[in-house]
Amino acid sequence: EVHFILSSYRRFQLMRFAVEQINNSTNLLPNVSLGYDIFDHCSDTQSFPGILKLISVNNGIQPWGENPKNLSKMIAVVGPFTSTDTFTVTPLLMMNFFPVVSYGAASSAFSKKAKFPSFLRTVHSNKKPIEVIVNIVLYFKWRWVAFLNNDNDYGNDGLELFIKRIVDTEICMAYNKGLNDKTNYSQMFHQIEAQKIQVIIVFTTKLTAEALIKSAMQLNITDKVWIALDTWSLNKKLPKMKEIKNIGTVLGVSQPVVPIPGFNDFIYSSKSQPHCENTEQSMLCSQVCNCSGLSPEDVVSIDPTFSFPVYSAVYAVAHALHKVLQCGVAKCNGNITVYPHMVLAELKKSNFTLLNRSIQFDENGDPTSGMYDIVFWNQSGKAQEIGFYHFHPSINFFINSSQIQWYTNGTVPISVCSPECPTGYVRKQDGIHKCCFSCIICPNRTYINSTEDPYSCISCKDTEWSAEGSTSCNQRLVEFIPFTDSGAILIMLGAGALVGLTLAVSVLFAVNYNTPVVRSAGGPMCFLILGCLSLCSISVFFYFGQPSVSSCVLRFLPFFLFYTVCLACFVVRSFQIVCIFKIAAKFPKLHSWWMKYHGQWLVITAAFTTQALILVIGYSSGPPKPYNETVWYPREIILSCDIDLIATSGSVILLSSLCSLCFIFSYMGKDLPKNYNEAKSITFCLLLLILTWIIFATEYMLYRGKYIHTINALAVLSSLYSFLLWYFFPKCYIIIFQPHKNTQQYFQDLIQNYTKTISQ
């Protein structure tokens, strides 16, 4: 069944009007009359007889490449209208470079000149309306759309272009359907509803669009945004239907309506002319149709889309022929034989103005200039202009969205698969569509830059911090204990006081060197211990200020080295006490050997040498160095010293071993004479030492802020004061305030009483 299409009839009449207008012109092709042969290509198969007739001479077709004596009367073809018809017949016209100027074939494939060398068109390629549609979708931030297209060359080309165009955008094509006569609209709309799609792009011809919209109204499809192509955006019938208000909001892309002066009068005059009376006349009649009920008002009021492309296509051929025939003001050169390729050459160079619009073609045969209107179907049933998209000379896009009466009563409809993530949240894609995602907050020390990559949290630098859900990083506060800190000043004063006190004790012991108290405290060994305690205090000063390689080394080395000597001295002292009172009687040879070879100094020297070697080897392989603590406190950088555990383990093990031996020997002498209390003093000092470092270790596990350095320095200072206060000060007290106890007779009485007690 062949349907009468009124808009096609209007284009047919417009082509006749243009030819007659040119033939009546005194400027364009003077004394030359254009003839034309118009046929209706109702289907792909019925196109061939007409086309073959156009290119044949005496019912025969001249092979390409020969120089024919007889030529076809045809110099150019205006049309066909649809892309499919053009694909069908154009290859026949390309072989002899017959110019084909289409006013409706918009498939982007025709821009390929290798396949279609003599094809030109006065409408834009599908790329242009697709570009406008995508910009409309982006403007309103719609992300979840359906794309409906004709299941033919034209519609599939639009689909392919749309898919390519949205690759680098946030638009997702949630649903696509190629429409034809057998489409199940009920099933299609059910799928669209199931996916909660609110925006439907309809890239179809007028007839298909009418069938689609009518089906939507019948199936009670409501609350959608429909984006119409220029093929049906200016439809005169659909906007006036009562049910159209229920389907939602219709936006469209349309070619600007260019009024063609004189055309309406031509329609009224042509319809008043009598029809052909007999069959013979009807063979030559140019407007035979079964349209007895058609009135001039019907033709005039129909959708004017593609009117100007038809009009300009005919004029483009006429202007090209004007150049080929070397026409002047009054006449043309009638001696020139016109070949189609000559007309094609001039067509490609077209540059004229028609109804205040420039007509030019680019290297692909597409129009160089132009624009699209953006329209909205208002409540009165008209396509109201609300914006535009200019292509030439520069892209200019505008929409006055305040003029749109949305079905949502003022607010722009939302069409997304997943709502936008809150600030600071990253997308985790769900399924195949990038528009479908869940939102996960970015953790501490990361941030999200939604414009660059909404799918990943970016890690901050070590010198930066960020809270959970951040969009940027902040610089960390650099923390260390300066020398001016009140705690640092107090500890450094304490270290200075320690040096002063050890010096004072050394002087006091030197003055009273031959007294029993000094002798029993260790004699010359006391001065070594006091000296080493003073040298250990050097470490305290390097816990403050900004760490450097040298300060990190001096923070640990003096303490490890000289405190080893101190502990070694106390190990020897505690051993000697036990030896004198307990071992001498049972192991006389051991005692004599110890005394003969000065065993105490051998042990001290061995301990010092061993620790020195361990420190040299350890610090050579992995010396302490400045270290930025960035893990414990996200907003701060704590300047510390990095200790190599393997390199320092040997020193710590040696110190721990000496401390353990010292504690064992001193504990063995806990029951010695009451006033002869070196072993008890050493035991108490060691308990204080152990307790100090247990407290520090516990604190270190719980806290790593900048004041951990103050606590560390305090632990070191406490370790030094424990020996000074609880080992040396009691002896100083006896020397100064109880001199009667500092006599040889007093010590001998103590020893004799203890000997009697253990013998009983």
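Every residue gets a number counted from 1 within its own chain, in the order that chain's sequence is written. The predicted origin of the model limits local features to residues at a pLDDT of at least 70 and limits the giving and counting of side-chain atom pairs to 80 or more, whereas totals for whole chains, interfaces and linings rest on all residues. Only hydrogens and water are removed before side-chain values are computed, so all heavy atoms of the structure are retained for them.

(A) Layout of the overall build of the chain. Along the backbone of the chain there are 22 helices and 22 strands. When accessible area is computed with a 1.4 Å probe and restricted to protein chains, residues below 20% of their type maximum are described as buried, those above 50% as exposed, and intermediate ones as partly exposed. The 760 residues of the chain split such that 49% are buried. Note on contacts: a residue pair is in contact if any heavy atoms of the two residues lie within 4.5 Å. Of the contacts formed within the chain by residues at least 6 apart in sequence, a portion of 68% connects residues at least 24 apart. Per element, the accessible surface of the chain, about 37700 Å² overall, is 58% carbon and sulfur. Under the scheme used here, helices are H or I runs from DSSP no shorter than 4 residues and strands are E runs no shorter than 2 residues, and both carry numbers assigned from the N terminus. For the area figures, the Shrake-Rupley method with a 1.4 Å probe applies, and any residue is considered shielded solely by the protein chains shown.

(B) A look at the layout of surface pockets. In this structure, the second largest pocket occupies an estimated 1100 Å³ of space. A cavity, in this analysis, means grid points on a 1 Å lattice covering only the protein atoms where a 1.4 Å probe fits yet has no way out; a pocket is instead an open set bounded by protein on both sides within 12 Å along at least five of seven lines, and a residue lines either one if it has an atom within 4 Å of a point. What lines the second largest pocket is a set of 33 residues, among which Phe 560, Ile 643, Val 652, Trp 693 and Phe 696 lie closest to the centre. For the lining of the second largest pocket, the secondary-structure elements that each account for two or more residues are helix 16 (549-586), strand 21 (625-629), strand 22 (636-642), helix 19 (645-668), helix 20 (678-702) and helix 21 (708-737). Charged residues are taken to be Asp, Glu, Lys and Arg, nonpolar residues to be Ala, Val, Leu, Ile, Met, Phe, Trp, Tyr, Cys and Pro, and polar residues to be all remaining types, Gly included. Across the lining of the second largest pocket, the residue classes tally to 23 nonpolar, six polar and four charged. Grid points are joined across faces, edges and corners, and a volume is the space filled by probe spheres set on the points.

(C) Quick look at the environment of His 392. Within the secondary structure layout, His 392 lies in the loop between strand 12 (383-390) and strand 13 (396-399). By relative accessible area, which is 46% here, His 392 ends up partly exposed. Along the backbone, His 392 and Ser 369 are 23 residues apart, and their C-alpha atoms lie at a distance of 5.2 Å. Those residues in contact with His 392 that lie beyond four places of it in its chain are Thr 368, Ser 369 and Gly 370.

(D) Structural detail: helix 19. Between its first and last C-alpha atoms helix 19 spans 33 Å; for 24 residues at 1.5 Å apiece the expected length is 34 Å, and the two agree. By the burial criterion, the buried members of helix 19 are Ala 647, Thr 648, Ser 651, Leu 654, Leu 655, Leu 658, Cys 659, Cys 662 and Ser 666. N or O atoms closer than or at 3.5 Å make up a polar contact, with two conditions inside protein: a donor-capable atom paired with an acceptor-capable one, and, for residues adjacent in sequence, both atoms drawn from side chains. Measuring from the side-chain oxygen of the N-cap residue of helix 19 to the backbone nitrogen of Ile 646 gives 3.1 Å; that N-cap residue is Asp 644. Working rule for helices: expected span equals 1.5 Å times residues minus one.

(E) Expanded view of the UniProt feature "transmembrane region" (unreviewed entry) in the chain. UniProt positions are given in the numbering used here, feature names are shortened, and annotations may be inferred rather than shown by experiment. UniProt annotation of "transmembrane region" (unreviewed entry) refers to residues 488-513, 525-544, 556-581, 601-620, 645-669, 681-701 and 707-729 when read in the numbering used here. Between the end C-alpha atoms of residues 601-620 the distance is 28 Å, and the span holds 100% helix and 0% strand. Secondary structure within residues 707-729 divides into 96% helix and 0% strand; the distance between the first and last C-alpha atoms comes to 30 Å.

(F) Looking closely at the sheet that holds strand 21. In this description, strands pair whenever DSSP reports at least two bridges between them. Spatial ordering of the open sheet is given by 20-22-21, a layout of three strands whose pairing is mixed. Since the sheet does not close on itself, it has two edges, and those belong to strand 20 (477-479) and strand 21, each with one partner. Sheet twist, expressed as the average angle between the axes of neighbouring strands with direction ignored, equals 30 degrees. Alignment of strand 20 against strand 22, held across three bridges, turns out to be parallel. Residue pairing for strand 22: Leu 477 is matched across the bridge by Glu 636. Between N-to-C directions, angles cover 0 to 180 degrees, with each direction set by a line fitted to C-alpha atoms, over the stretch in contact for helices.

(G) Structural detail: the packing of helix 11 (residues 307-324) against helix 12 (residues 340-348). For the pair helix 11 and helix 12, interaxial distance at closest approach is 8 Å and the crossing angle is 110 degrees. By the criterion of interaxial angle, the relationship of helix 11 to helix 12 is roughly perpendicular. For the pair helix 11 and helix 12, the crossing hand works out as right-handed. The segment helix 11 lies against helix 12, with Ala 316, Val 317, Ala 320, Leu 321, Lys 323 and Val 324 engaging Met 342, Val 343, Glu 346 and Leu 347. Looking at the contact of helix 11 with helix 12, its residues break down into eight nonpolar, no polar and two charged. Roughly parallel covers angles under 35 degrees, roughly antiparallel covers those over 145, roughly perpendicular covers 65 to 115, and oblique covers all other angles. Working rule for handedness: look at the near helix, and if it is turned counterclockwise from the far one by less than a right angle, call the crossing left-handed; if clockwise, right-handed.

(H) Structural detail: the sheet that holds strand 1 (residues 77-78). Taking strand neighbours across the sheet as the criterion, the three strands line up as 1-2-3 in an open arrangement whose pairing is parallel. Two strands in the sheet have a free side with no partner beyond their single neighbour: strand 1 and strand 3 (119-121). Of the strand pairs in this sheet, strand 2 (residues 100-102) and strand 3 are connected by three bridges, and their pairing is parallel. Bridge assignment links Ser 102 to a residue of strand 3, and that residue is Arg 121.

(I) Layout of helix 3 (residues 83-94). Given a rise of 1.5 Å per residue, twelve residues ought to cover 16 Å, and the 16 Å separating the end C-alpha atoms of helix 3 matches this to within 8%. By the burial criterion, the buried members of helix 3 are Ser 83, Thr 84, Asp 85, Thr 86, Val 89, Thr 90, Leu 93 and Met 94.

(J) Broad picture of the nonpolar core. In plain words, nonpolar cores are sets of buried Ala, Val, Leu, Ile, Met, Phe, Trp, Tyr and Cys residues tied together by side-chain atoms within 4.5 Å. In this structure, Phe 509, Tyr 563, Leu 567 and Phe 728 are the most contacted members of the largest nonpolar core, which totals 68 residues. Top contributing element to this core by residue count: helix 16, with 16 residues. What Tyr 563 contacts, discounting residues up to four positions off in sequence, is Leu 533, Cys 536, Pro 558, Leu 655, Leu 689, Ser 719, Leu 720, Ser 722 and Phe 723. Grouped together as the second largest cluster of nonpolar side chains are 66 residues, Leu 148, Phe 203, Ala 216 and Ile 244 included.

(K) Examining the packing of helix 15 (residues 524-536) against helix 18 (residues 599-621) more closely. It is at 12 Å that the axes of helix 15 and helix 18 come closest, and there the two elements cross at 15 degrees. Judged by the inter-axis angle, helix 15 sits roughly parallel to helix 18. Once helix 15 is placed against helix 18, the crossing between them reads as left-handed. Residues Pro 524, Met 525 and Leu 528 of helix 15 touch helix 18, and the partners they reach there are Gln 600, Trp 601 and Ile 604.

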